[in-house]
Amino acid sequence: MKHLIILNGKAGEGRAEEKNESIRKAFSNLDSEIHTTIAPKEATEFVKNYLNTHKDEKVRVYACGGDGTIFEVANGLVGFNNAELAIYPIGTGNDFVKYYGGAERFLDLEKLIKAEAKQIDLSKISGPSLDEPIYSINVINFGFDAIVGAVGNKYKDQGKKDPYGKAIKVAIMKGRFNKIKVTADGEALNKKSLLLCTIAQGRFVGGKFMCAPHSINDDGLIDVCLLRTRSLFAFLGILTPYTEGKHLDTPKHRKTLEYRQAKTITIDAPKDIDVCVDGEMIVGSHFDVEVVPGAIKLAIPEE
């Protein structure tokens, strides 16, 4: 087997560079190659190009970084049956691996190299604003939290202090009334505005929020959680249950949201909205999402 290591040199605020030597040592006696990314989306293209020229070779591709690196590598693997994804989570949020208990399970390189791979699902998202479909391995989210992300990124680029703290204040005032219609397997989930919505294969988003506590990433379904627009007081009241994944367990909160498992979801808005796909931002007014069962293979170390 070929071991192709994709290293995001900027991941984890410099932790990737610290791990470089241990990565090289772990793979020194194996048929391996290390590629360090230098630009956004480079990992996807590099993986696609490599696999296109090595179709007869079994390849395990290691995403060494955070959720963005995992997203890029996973998108590069789609359509290649000879390839597997392995994750060495050295990013900051590491949301996706929380599905399996957290980053620690994946940080033993010896166990990671020996891990068995299993098929997992991806969510395919397409729309007029996208040049081609992209695939989510974790969570697609829009509404309040995506607005925080988009505004925070803008403030960060402008050099403002505490960009995401300022973005939260903006979203509290302007991001709770989102005129976005969501349909799951033909069923409209809302008639009026929404606070936020997540479309999940994983379970966690935003570093700590267990948005989809019932999600199973190999069941051929997508978990959809839509929170309706609410008062500021009610919004603050659901934050703790939403963080802990208990928002589906309390009747008073369950009445203010819709939770479904579906194969297809449509997103419609009267104007362009920000949508976050595994941490990466896209913009558009209409998107179609569908599950792709068993889309890629993931190496999962023993607990």
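Note: the structure precedes this text.
Draft legend 1. Molecular detail of helix 7 (residues 232–244). Along helix 7, the helix axis deviates most sharply at Ile 238, where the bend reaches about 30 degrees; the proline Pro 241 sits within four residues downstream. All buried positions along helix 7 are accounted for by Phe 235, Ile 238, Pro 241 and Tyr 242. Count one or two residues on from helix 7 and you reach Gly 245, which has phi positive near 75 degrees.

Draft legend 2. How the structure looks around the pattern of salt bridges. Within the structure shown, the criterion is met by 12 salt bridges. Between Asp 218 and Lys 118 there is a salt bridge, and its shortest N-O distance comes to 2.9 Å. Taken together, the residues Asp 218 in the loop between strand 12 (209–210) and strand 13 (222–228) and Lys 118 in strand 5 (residues 116–126) connect sequence positions 100 residues apart. Among the residues examined, Asp 218 registers a relative accessible area of 38% and is labelled partly exposed. Lys 118 sits in the partly exposed class, given a relative accessible area of 33%. Arg 260 serves as the salt-bridge partner of Glu 187, at 2.8 Å between the closest nitrogen and oxygen. Note that Glu 187 is positioned in strand 9 (residues 187–188) and Arg 260 in strand 14 (residues 257–262), a separation of 73 residues in sequence. What makes Glu 187 partly exposed here is its relative accessible area of 37%.

Draft legend 3. Spotlight on the layout of surface pockets. The computed volume of the second largest pocket comes to approximately 520 Å³. Lining the second largest pocket are 19 residues, with Lys 41, Phe 71, Asn 75, Glu 132 and Ile 134 positioned closest to its centre.

Draft legend 4. A look at the packing of helix 5 (residues 144–157) against helix 6 (residues 163–174). Where helix 5 meets helix 6, the axes come as close as 8 Å, and the angle between the chain directions of the two elements is 135 degrees. The angle between helix 5 and helix 6 places the two elements in the oblique class. The two elements helix 5 and helix 6 meet at a crossing, and its hand is right-handed. Contacts between helix 5 and helix 6 involve Phe 144, Ile 147, Val 148, Gly 149, Val 151, Gly 152, Asn 153, Tyr 155 and Lys 156 on the former and, on the latter, Pro 163, Tyr 164, Lys 166, Ala 167, Ile 168, Val 170, Ala 171 and Ile 172.

Draft legend 5. Geometry of the side chain of Ser 136. Inspection of the secondary structure puts Ser 136 in strand 6 (residues 134–136). On the basis of relative accessible area, Ser 136 is assigned to the buried category, the value being 0%. Within the structure, Ser 136 has its side chain in polar contact with the backbone nitrogen of Asn 138 (distance 3.4 Å). Here Ser 136 is in contact with Leu 122, Ser 123, Gln 201, Val 277 and Asp 278, once residues within four sequence places are set aside.

Draft legend 6. Seen up close, the pairing of strand 1 (residues 2–8). Most of strand 1 sits inside the fold, with six of its seven residues counted as buried. Bridge count between strand 1 and strand 2 (residues 32–37): six bridges; the pairing is parallel. In the strand pairing of strand 2, His 3 is matched with Ser 32.

Draft legend 7. Quick look at the pairing of strand 16 (residues 280–300). With 10 bridges joining them, strand 5 and strand 16 adopt antiparallel strand pairing. Considered in strand 16, the bridge of Ser 123 is made with Val 291. When strand 15 (residues 264–277) meets strand 16, the two strands line up antiparallel, connected through 10 bridges. Residue pairing for strand 16: Thr 264 is matched across the bridge by Glu 290. In this structure, the hairpin formed by strand 15 and strand 16 is closed by a connection of two residues, where Asp 278 is found at a positive phi of approximately 55 degrees.

Rules and cut-offs
Residues numbered from 1 in each chain as written. Predicted model: local features only at pLDDT ≥ 70, side-chain atom pairs only at ≥ 80, totals over all residues. Heavy atoms only, no water. Bend = angle between axes of the 7 residues up to and from the residue. Helix = DSSP H or I, 4+ residues; strand = E, 2+ residues; numbered from the N terminus. Buried < 20%, exposed > 50% of the residue type's maximum accessible area, 1.4 Å probe, protein only. Salt bridge = Lys/Arg side-chain N within 4 Å of Asp/Glu carboxyl O. 1 Å grid on protein atoms, 1.4 Å probe; cavity = no way out; pocket = protein on both sides within 12 Å on 5 of 7 lines; lining within 4 Å. Points joined across faces, edges and corners; volume = space filled by probe spheres on them. Axes fitted to C-alpha atoms, helices over the stretch in contact; angles between N-to-C directions. Parallel < 35°, antiparallel > 145°, perpendicular 65-115°, else oblique. Left-handed = near helix turned anticlockwise from the far one by under 90°. Contact = heavy atoms within 4.5 Å. Polar contact = N/O pair within 3.5 Å; in protein donor to acceptor, adjacent residues only side chain to side chain. Pairing = 2+ DSSP bridges.

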